[in-house]
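Listed below, chain by chain, are the residues.
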Amino acid sequence: MASQNIYILGIESSCDDTAASVMLNGKILSNVVAGQNIHAEYGGVVPELASRAHQQNIVPVVHQALKKANVDKKQLNAIAFTRGPGLMGSLLVGTSFAKSLAYGLNIPLIDVNHMQAHILAHFIDETGFEKPPFPFLAMTISGGHTQIVKVNNYFDMEVIGETIDDAVGEAYDKSGKVLGLGYPAGPEIDKRAQLGNPKVFKFTKPKVDGLNFSFSGLKTAILYFIQNEVKSNSNFIEEHINDICASIQYTIIGILIDKLKKASKETGIKHIAIGGGVSANSGIRKTLKDGESKFGWTTYIPKFEYTTDNAAMIAIVGYLKYLEGNYADQSISASARLKL
Ligand code: KG4
Ligand code: ZN
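The notes below deal with the structure included here. Quick caveat: nothing in here was measured; it's all calculated off a predicted structure. (Residues numbered from 1 in each chain as written. Chains lettered and ligands numbered in written order. Predicted model: local features only at pLDDT ≥ 70, side-chain atom pairs only at ≥ 80, totals over all residues. Heavy atoms only, no water.)

Tetrahedral coordination by four donors sets the ideal angle at the metal to 109.5 degrees; octahedral coordination by six donors sets it to 90 or 180 degrees. Donor atoms from the polypeptide that coordinate the zinc ion (ligand 2) comprise His 114 (NE2), His 118 (NE2), His 145 (NE2) and Asp 309 (OD), at 2.1 to 2.3 Å from the metal. One way to put it: the four donor atoms around the zinc ion (ligand 2) meet at angles of 91 to 162°, and that makes the site irregular. (Donors = N, O, S within 2.8 Å, 3.2 Å for Na, K, Ca; no water. Tetrahedral: all angles 85-135°; square planar, octahedral: opposite > 155°, others 65-115°.)

What follows is the structure in structure tokens.
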């Protein structure tokens, strides 16, 4: 078994990124992502445009992934694809493509849960990155997700907290829209936040039971606050942009870290792994690092290209399921609301 080479092709198309990746025995050989700029002018992902772009991108993206990996499709041992959760039209493109390719090559087809993949991205073999030991807590934070999961084993996971409305990335992106920043606004707010004073403006943190999150109230509070201030000073945003960004960021990080602390205390687990696009945030990273000395945490953040939506994370789940012989059959269909 140790001498056998297992090549997996991973395919991801759940939202607005078309991605393909080739993996050899747990190591990434190529990781190709085609983003979709088309959504920027709408300030959010437009599902119909996303699925059309996936249709245009999927063949060249898969070709490129194979080419970069220097692997012929005949060498592949299995095709792994994102079954859900995500946008139905987007998922259908990747699912249909994966099914027909596996059928044509006569190799196993492996279905992957996108949320599980964000977490198992920590198990990609990568120099300089440690794999978390079981059990650990995984917080997935992005434009589409906000979730805390207790991970007992590769395929034994329990969602212990999640958002009851918007995802944290949406709070960033929608606040950015009100402030006239581009889309997605997370990186820009983060950059400006580092130049501002986080204590200047106060936003109330939502009161949500247990380990769940809510971001829609905060988003509305920020909108009203800005509209109100602009009424009395039309230059309010320009004059205070860095402090506004710093205050928003401070509030959001506070919400995330409070729940993480609570989760760690309730479960007694001190190994904390984060993933998703928002894990790029400088404030989150710093606060997590501080948690190492403050609360005795060990924290894990994957390489950036494996934390935003990508197919390397789909390939690692494919690899782990391949080793177990856990395959899908050709009757499988995409599932927009797939649960962990
Ligand atoms: O994982 P991702 O690329 O796509 C999904 O949403 O699944 O995450 C994108 C989200 C966007 O909401 C973006 O604003 C946010 O991640 N983001 C950030 C930062 N970089 C990306 N949010 C805060 N700070 C950042 N540095
Ligand atoms: Zn995602």
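And the narrative resumes.
Bringing helix α4 (residues 168-178) into the picture now. Regarding α4, the residues found buried are Val 168, Gly 169, Ala 171, Tyr 172, Asp 173, Ser 175 and Gly 176. At its buried positions, α4 is contacted by β6 (136-141), β7 (146-153), α5 (186-193), α6 (216-232) and α7 (236-267). A positive backbone phi angle near 75° is found at Gly 180, which sits one or two residues after α4. (Buried < 20%, exposed > 50% of the residue type's maximum accessible area, 1.4 Å probe, protein only. Helix = DSSP H or I, 4+ residues; strand = E, 2+ residues; numbered from the N terminus. Contact = heavy atoms within 4.5 Å.)

On to the packing of aromatic side chains. Geometrically, a pair of aromatic rings is defined through the distance of the ring centres and the angle of the planes. One pass over the structure, following the stated rule, counts 13 aromatic pairs. With a centroid separation of 5.7 Å and 70° between ring planes, the pair formed by Phe 201 and Phe 236 is classed as edge-to-face. Taken together, the positions of Phe 201 in the loop between α5 and α6 and Phe 236 in helix α7 put the pair 35 residues apart, joining distant regions of the chain. A network of ring pairs unites the aromatic residues Phe 123, Phe 134, Phe 136, Tyr 154 and Phe 155 as a single cluster. (Phe/Tyr/Trp six-rings, centres within 6.5 Å; stacked < 30°, edge-to-face > 60°.)

Pairing within the open sheet is mixed, and its five strands lie in the order β3-β2-β1-β4-β5. If you trace the sheet from one side to the other, it starts and ends with β3 (27-34) and β5 (109-113), each paired once. For this sheet the average axis-to-axis angle between neighbouring strands, irrespective of direction, equals 20°. Bridge analysis of strand β4 (residues 78-84) against β5 gives five bridges, and the strand direction is parallel. Looking at the pairing, Phe 81 lines up with Asp 111 of β5. (Pairing = 2+ DSSP bridges. Axes fitted to C-alpha atoms, helices over the stretch in contact; angles between N-to-C directions.)

Locating Asn 281 in the fold gives a position in the loop between β9 (271-275) and α8 (282-295). On the accessibility criterion, Asn 281 (5% relative accessible area) is buried. Contact partners of Asn 281, with chain neighbours within four places excluded, come to Tyr 172, Asp 190, Gln 249 and Ile 253.

Let us look at the environment of Asn 242. Mapped onto the fold, Asn 242 is located in helix α7. Through-space distance from the C-alpha of Asn 242 to that of Leu 101 is 49 Å; in sequence the pair is 141 residues apart. Every residue in contact with Asn 242, bar those within four places of it in the chain, is listed here: Arg 192, Ala 193, Leu 195 and Gly 196.

Quick look at unusual backbone geometry now. Of note, the bond from Gly 84 into Pro 85 is cis; its omega dihedral lies within 30 degrees of zero at -5°. The omega torsion of the bond from Tyr 183 to Pro 184 falls at -10°, within 30 degrees of zero and hence cis. By the element assignment, Pro 184 lies in the loop between α4 and α5. The phi angle at Asn 25 is positive, at roughly 50°, despite the residue not being glycine. With respect to the helices and strands, the residue Asn 25 is situated in the loop between β2 (18-24) and β3. With a relative accessible area of 24%, Asn 25 lands in the partly exposed category. For Asn 70, which is not glycine, the phi torsion reads 60° and is therefore positive. Secondary-structure assignment places Asn 70 in the loop between α1 (47-69) and β4. With a relative accessible area of 68%, Asn 70 lands in the exposed category.

Where α6 meets α7, the axes come as close as 12 Å, and the angle between the chain directions of the two elements is 160°. Judged by the angle between their axes, α6 and α7 are roughly antiparallel. Crossing of α6 over α7 shows right-handed handedness. Residues Leu 218, Ile 222, Phe 225, Ile 226, Glu 229 and Val 230 of α6 touch α7, and the partners they reach there are Phe 236, Ile 237, Ile 244, Ile 248, Thr 251, Ile 252 and Ile 255. (Parallel < 35°, antiparallel > 145°, perpendicular 65-115°, else oblique. Left-handed = near helix turned anticlockwise from the far one by under 90°.)

Take it as geometry only, folks, not as evidence of what the structure does.
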